[in-house]
Structure formats: C-alpha cells, structure tokens
Amino acid sequence: MSHDTILSAHPAPPSLALPYPLALGRAGLAGFPSPAQDYEGRTLDLNERLVKRPSATFFMTVTGDSMMRLGIHEGDLLLVDRSIDPRPGHILVAMVDGEITVKRYELLDNRPHLCSGNTRYAPISLENLDCQVWGVVRAVIHEYPV
C-alpha cells in the first residue's frame, strides 16, 4: 500500500454543524409527533465526534485491497491517532521495511504480526523487520458512489 496520502489534522478544526436526530420517546402522549421535532437544537460535529486528540491525529487515504474484509476499501479516508498504544486487534498504519501499510496487529504463536483483511495476503511477521508504527486507526470514512 505505498503511495498513501497523509494529511495532518488541523490543530483546531472548524466546527461544522450537521443535523443530529434526538432520540427521545413520547410515552403517554396522544397524537402524532412532528417529524421536525427530531432535529430541534442538536448538531453533529464530526471533528468533536471522531478527533479525540487533534495534535496526534492525521488523515490518510487508502490504496489497495488488503483490508476489504475488515471494511476498509480503496479510496477510504482513515482517521489515525498517533497517541494510542497499539494492542492486538487494533488496525495500524505502519512503515514496514520502508513501505507504508495498513494492517491489523495480531499475536500469532505469541509473536507480533501484521495481518490483512484479504486472504490473498499472508500475515507479515515483525520479527527481524524494521517496523515503525505511525498510529492506530480510530475511524474509517467510506463514501458511496452517488
């Protein structure tokens, strides 16, 4: 997965308000609720929701098909947090022998491996390899063609 695009997160992203439905029940009330009631006074800020540590966050566009079974597709935007300590099961962005890759970190036979979400690609044993973890993937933004 070389040639990935990395963009630094803005230290204080601008707030972009999006409608966010309020989930409230209407027990004991008669009649039909107004559809507009669900949108009263609430907004969704994607920066607030997804970027937990702005100074440690960057975005990256995915190339390749090695993570498709894990829901990461060509062209998806990854939100990566450098401040999270990697644990087995995390999806990582790493530099392995000079190549940027996105893989799931797993322990196989108690040895560290980077595993893809595509059976065409074998797990990468990290023993005797130069591996630098750039961060843990916190979110995937997948756009549908419209």
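All of these numbers come straight from a predicted model, not from anything done at the bench.

A. Spatial organisation of the nonpolar core. Among the nonpolar cores identified, the biggest contains 12 residues, and these are Phe-58, Met-60, Val-62, Met-67, Ile-72, Leu-78, Val-80, Ile-91, Val-93, Ile-100, Val-102 and Val-137. Every element with two or more residues in this core is listed here: β4 (57-61), β5 (77-81), β6 (91-96) and β7 (99-108). Non-local contacts of Ile-72, meaning those with residues more than four positions away in its chain, are made with Val-62, Met-67, Leu-78, Ile-91 and Val-140. Leu-92, Val-96, Leu-114 and Val-136 belong to the second-largest nonpolar core, a separate cluster that totals eight residues.

B. Here's a closer look at the pairing of β7. Sheet topology places β6 next to β7; six bridges connect them, and they run antiparallel. Paired with Val-93 across the bridge in β7 is Val-102. Where β6 hands over to β7, the hairpin turn is made up of two residues, of which Asp-97 adopts a positive phi near 50 degrees. Across five bridges, the pairing between β7 and strand β8 (residues 111-115) is antiparallel. Note on β8: the bridge partner recorded for Arg-104 is Cys-115. Where β7 hands over to β8, the hairpin turn is made up of two residues, of which Asp-109 adopts a positive phi near 55 degrees.

C. Structural view of unusual backbone geometry. Here the phi dihedral of Asp-97 falls at roughly 50 degrees; this positive angle occurs in a residue that is not glycine. Structurally, Asp-97 can be placed in the loop between β6 and β7. For Asp-109, which is not a glycine, the phi torsion comes out positive at approximately 55 degrees. The topology assignment puts Asp-109 in the loop between β7 and β8.

The rules we used
Residues numbered from 1 in each chain as written. Predicted model: local features only at pLDDT ≥ 70, side-chain atom pairs only at ≥ 80, totals over all residues. Heavy atoms only, no water. Core = buried A, V, L, I, M, F, W, Y, C linked by side-chain atoms within 4.5 Å. Buried < 20%, exposed > 50% of the residue type's maximum accessible area, 1.4 Å probe, protein only. Helix = DSSP H or I, 4+ residues; strand = E, 2+ residues; numbered from the N terminus. Contact = heavy atoms within 4.5 Å. Pairing = 2+ DSSP bridges.

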